[in-house]
Amino acid sequence: MSTKHEQILQYIEKLEIGHKISVRQIARDLNVSDGTAYRAIKEAEAQGLVHTIERVGTVRVEKKQRSDIERLTFAEVVNIVDGTVLGGKAGLHKTLNRFVIGAMKLEAMMRYIEPGNLLIVGNRDNVHRIALENEAAVLITGGFDTTPNVKKLANELELPVISSSYDSFTVASMINRAIYDRLIKKEILMVEDVLPKNHQPYYLHHNDTIARFHQFVRETAHSRYPVVDDHGRVVGMVTAKDVMGYEPQDPIERAMTKNPIMATTKTSLASAAHEMVWEGIELLPVVNDHRKLIGVISRQDVIKSLQYMQKQPQIGETIQELSFRGFHEVEKSGQTLFRGRITPQMTDALGRLSTGVCTTLITETAMRMLRRQRRGDLAIQNFTLYFLKPIQIDTVVDISPRILDLGRKQAKMDVEMMIDNQVVAKALVTAYTMER
């Protein structure tokens, strides 16, 4: 039987896109307390089912698929630019295709405005009206208002007119930054990306017997299963090794491993791979927020997906990639070095290379060297950094990696950062291989 929290989430999910909800309304309709309704609405917001906008309220929006993660709704734009909705609130759930900056004459501007666009423009009332007539929403910069006729038209067409106190350049930068951040998130594989859709996992009940386990092995050709309680919550894992020495009539819960490591759909694959390799786990149960079983992933599934993603073209760039962008490979006395300049963005308040960026540069250097040894997917296990001298802004540095020990599952490296052949920072890096 589902809890009140789950019932509220199911109720919200069934609401029409664009429907406005409130804590009081949910509490009244489902006969629950305001606190229970509030917590469920916050959970729905985290799941992408609704968006809450100041001075507007909470609106049911369409949950994005991972393939559409970089597309923003007008409701999200309002939150990004700290905006005020002047009209067209009923269209906040709609998704914008692209944004257009209206810093040109009206005739030229109209060539770029299409249905589903967001026009970013100042206090040009005539432009506001024409944009709406062309089925585009409007974002007015500088904190300006618009005319009552434009607000009325926005309400009729269900196209938002938003006002923000920021200037056009800042607003465009904020929206672009939000899209860029989503592109990076889109590249990060989650457990949900490899979890088979509409696949019912094999599992055992905690009251099942050891005999039932052996029967299950013959039926499914698997040898490890999650164990659930009467409510479908995962309470253990059981493998062929666990049941050795038990009688056929003994209950599974006596042999199972209790409180197993679990993942959710929002767990990153890298994190799942780390847990599985580190703990020697072959099968990981995937649960929802209430620990109810929704699927399983194998170590082979995880590693194969990570290897596949490494071969895909990159779209967004992480801080690690941006930090290393200015570095290039050079050969010096038969040794491979990575050379680059310390830019202002890499420094701390005193103009010295920051500890975090230095760690990033050395880590990336070590990983690139190890990948050349045809290692598998790698993860840092240990990192020890020594600063010998301050590294100033605009300095050209050489990073020299040297492999100390290379085993089947582990590698140790010595990495030095040098200026004019003088060592200014040194690190000992240990990495391990995530094998199938």
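Let me sum up the structure you'll find in this document. Here the structure is a predicted model, which means the values were calculated and not measured.

What follows is about the pattern of salt bridges. Oppositely charged side chains may form a pair once their charged atoms are brought near each other. Scanning the entire structure with this criterion turns up 16 salt bridges. Measuring nitrogen to oxygen at the nearest pair gives 3.8 Å for the salt bridge that ties Arg-28 to Asp-29. When the shortest N-O distance is used, the salt bridge between Arg-254 and Asp-250 registers 3.5 Å. Overall, the relative accessible area of 53% leaves Arg-254 in the exposed class. Classification of Asp-250 as buried rests on a relative accessible area of 12%. Salt bridges sharing partners connect three or more residues here, namely Arg-402, Asp-414, Glu-416 and Lys-426.

Further remarks concern the sheet that holds strand β12 (residues 257-258). Spatially, the 4 strands line up as an open sheet ordered β9-β10-β11-β12, and their pairing is mixed. Strands with a single pairing partner mark the edges of an open sheet, and in this sheet they are β9 (204-205) and β12. The strands touched by helix α10 (residues 210-220) are β9, β10 (224-228) and β11 (234-239); relative to β10, the strand with the most contacts, the crossing angle is about 130 degrees.

This structure, assessed with the given rule, holds 5 aromatic pairs. Seen in terms of ring centroids, Tyr-202 and Phe-216 are 5.9 Å apart; in terms of plane orientation they differ by 85 degrees. Their pairing is edge-to-face. Separated by 14 residues along the polypeptide, Tyr-202 in the loop between α9 (191-194) and β9 and Phe-216 in helix α10 bring together distant segments of the chain. Judged by relative accessible area, which is 8%, Phe-216 ranks as buried. Residues Phe-216 and Tyr-225 carry aromatic rings whose centres are separated by 5.0 Å and whose planes lie at 55 degrees to one another, so their mutual orientation is tilted. An aromatic cluster of at least three residues, connected via ring pairs, comprises Tyr-202, Phe-213, Phe-216 and Tyr-225.

Definitions and cut-offs
- Residues numbered from 1 in each chain as written.
- Predicted model: local features only at pLDDT ≥ 70, side-chain atom pairs only at ≥ 80, totals over all residues.
- Heavy atoms only, no water.
- Salt bridge = Lys/Arg side-chain N within 4 Å of Asp/Glu carboxyl O.
- Buried < 20%, exposed > 50% of the residue type's maximum accessible area, 1.4 Å probe, protein only.
- Pairing = 2+ DSSP bridges.
- Helix = DSSP H or I, 4+ residues; strand = E, 2+ residues; numbered from the N terminus.
- Contact = heavy atoms within 4.5 Å.
- Axes fitted to C-alpha atoms, helices over the stretch in contact; angles between N-to-C directions.
- Phe/Tyr/Trp six-rings, centres within 6.5 Å; stacked < 30°, edge-to-face > 60°.

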